[in-house]
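Observations on chain architecture
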Amino acid sequence: MIRVSVVGAKGRMGATVVDAVKNAPDTELAKALDAGDDLTQITPENTDVVVEFTVPAASLDNVLTLVNQGVNVVVGTTGWTDEKLARVKEALASHPDVSVFIAPNFAISTVLAENFAAQAAKYFESVEIVEMHHPNKVDAPSGTAIHTAHAIAAARKDAGMGPIPDNTQTDGGSRGQVVDGIHVHAVRLRGLNAHEEVLFGNPGEQLVLRADSFDRSSFMPGVLLAVRHAGENPGTVTVGLDNYLDL
């Protein structure tokens, strides 16, 4: 049995992870901690891997503490930057037996859509991303949309493609945030959960890739997949569930 502790256990996602860990045949819940709890009670003696689902403002400090405790970490919190990743890599240098996995999204459908988008990117002149979430989400654009934009931009660069055409002369902000040359639009609407569209365009044709997660249960197969792979790459930070899928 894989001993799993959950940090952020009282949050919406954290509580769902707790239930998933309890119900899976090969995992057991070690500790369920939330804001204000002492993370140093999580040790290699009681935990094989920690699932961290909190908020961007707290996640880096949580992960650094857990790395220093000597336990593998699976992170579902978004808001990661190159600077934050560098801090984690620096901490891992002193703990070469520990691994950290960060997933911009745990939904298999979304990970596949991102992979398909990277494949399609080199065939289309135009591309934009629309991500849609519930209004309680604290960051915009989503980590998933940012990760998708980077993947598309890398594919376009490898294909030697130029800038995406856009003759906008005035913009009060409606064109969205530009991420690696890709326009990303964020919608926050009551009734939504987590949704992403990638729109590709050529003269006379359009391709739309869309992934919808209607319930938090959709993320649990991905979370458990990451838990089962935890520790495979000690001393490193792995980003993206695609690393564990046969793509």
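Look above for the structure.
Here the structure is a predicted model, which is why all the values come from computation and not from measurement.

About the cut-offs
All chains use their own residue numbering, which begins from 1 and follows the written sequence. The model is predicted, so local features are restricted to residues of pLDDT at least 70 and side-chain atom pairs to those at 80 or more, both for listing and for counting; the totals for chains, interfaces and linings are taken over all residues. Note that the side-chain values use all heavy atoms of the structure and ignore hydrogens as well as water. Any two rings among Phe, Tyr and Trp, with Trp reduced to its six-membered ring, count as a pair given centres within 6.5 Å; such a pair is stacked if its planes are under 30 degrees apart, edge-to-face if over 60, and tilted if neither. Here the term buried applies to any residue with accessible area under 20% of the maximum for its type, exposed to any over 50%, and partly exposed to those in between, with areas from a 1.4 Å probe on protein chains only. Working definition: helices are DSSP H or I runs of at least four residues, strands are E runs of at least two. Numbering for both runs from the N terminus. A cavity here means a set of points on a 1 Å grid, drawn over the protein atoms and nothing else, where a 1.4 Å probe fits but cannot get out; a pocket is an open set with protein on both sides within 12 Å along at least five of seven lines, and a residue lines either one if it has an atom within 4 Å of a point. Grid points are joined across faces, edges and corners, and a volume is the space filled by probe spheres set on the points. Three classes are used, and their members are as follows: Ala, Val, Leu, Ile, Met, Phe, Trp, Tyr, Cys and Pro are nonpolar, Asp, Glu, Lys and Arg are charged, and the others, Gly among them, are polar. For two strands to be treated as a pair, DSSP must find at least two bridges joining them. Angles here are taken between N-to-C directions and fall from 0 to 180 degrees, while the axes themselves are lines fitted to C-alpha atoms, restricted in helices to the stretch in contact. Here, the term nonpolar core denotes a set of buried Ala, Val, Leu, Ile, Met, Phe, Trp, Tyr and Cys residues that are joined through side-chain atoms within 4.5 Å. Contacts are assigned to residue pairs with any non-hydrogen atoms lying within 4.5 Å of each other.

Next up on the list: the packing of aromatic side chains. Applying the stated criterion across every chain yields a total of 4 aromatic pairs. Both rings, one in F101 and one in F106, keep their centres 6.2 Å apart while their planes meet at 50°; by these two values the pair is tilted. Residue F101 is classed as buried on the basis of its relative accessible area, which comes to 3%. For F106, a relative accessible area of 2% translates into the label buried. Here F124 and F200 contribute two aromatic rings whose centre-to-centre distance is 5.4 Å and whose plane-to-plane angle is 40°, an arrangement assigned as tilted. Taken as a pair, F124 in the loop between α4 (108-120) and β6 (126-133) and F200 in strand β9 (residues 194-202) lie far apart in primary sequence, 76 residues in all. For the pair F124 and F200, a shared accessibility class is recorded, and that class is buried. In this structure an aromatic cluster arises from ring pairing among F53, F101, F106 and Y244.

Here the structure, examined in full by the defined rule, presents 3 cavities of 30 Å³ or more. Space inside the largest cavity adds up to approximately 70 Å³. The wall of the largest cavity is formed by P104, N105, T110, V111, E114, T144, H147, G240, L241 and D242. Looking at the lining of the largest cavity residue by residue, the classes come out as 3 nonpolar, 5 polar and 2 charged.

On the basis of which strands lie adjacent, the open sheet formed by 6 strands has the order β2-β1-β3-β4-β5-β11 and parallel pairing. The open sheet has two edge strands, β2 (27-33) and β11 (237-239), and neither has a second partner. Going from strand to strand, the sheet's axes swing by 20° on average, the running direction of each strand aside. In the sheet, strand β1 (residues 2-7) pairs with strand β3 (residues 49-52) via 4 bridges, with the strands oriented parallel. In the strand pairing of β3, V4 is matched with V49.

Let us look at unusual backbone geometry. Of note, the amide linkage connecting A140 to P141 takes the cis form, showing an omega dihedral of -5°. Here P141 is to be found in the loop between β6 and α5 (143-158). Its identity as a non-glycine residue notwithstanding, D180 has a phi of 55°, on the positive side. Looking at where D180 falls in the secondary structure, it is placed in the loop between β7 (177-179) and β8 (182-188).

A word on the nonpolar core. The nonpolar side chains of a soluble globular protein tend to be buried, and buried together. Ranked by size, the top nonpolar core spans 26 residues in total, and within it V17, V51, F101, F106, V223 and L241 carry the most contacts. At the level of secondary structure, the elements contributing two or more residues to this core comprise β1, α1 (12-23), β3 and α6 (220-229). V17 has contacts with V6, V51, F53, M220 and V223, leaving out every residue within four places of it along the chain. With 22 residues, the next largest nonpolar core counts L60, V63, V75 and L85 among its residues.

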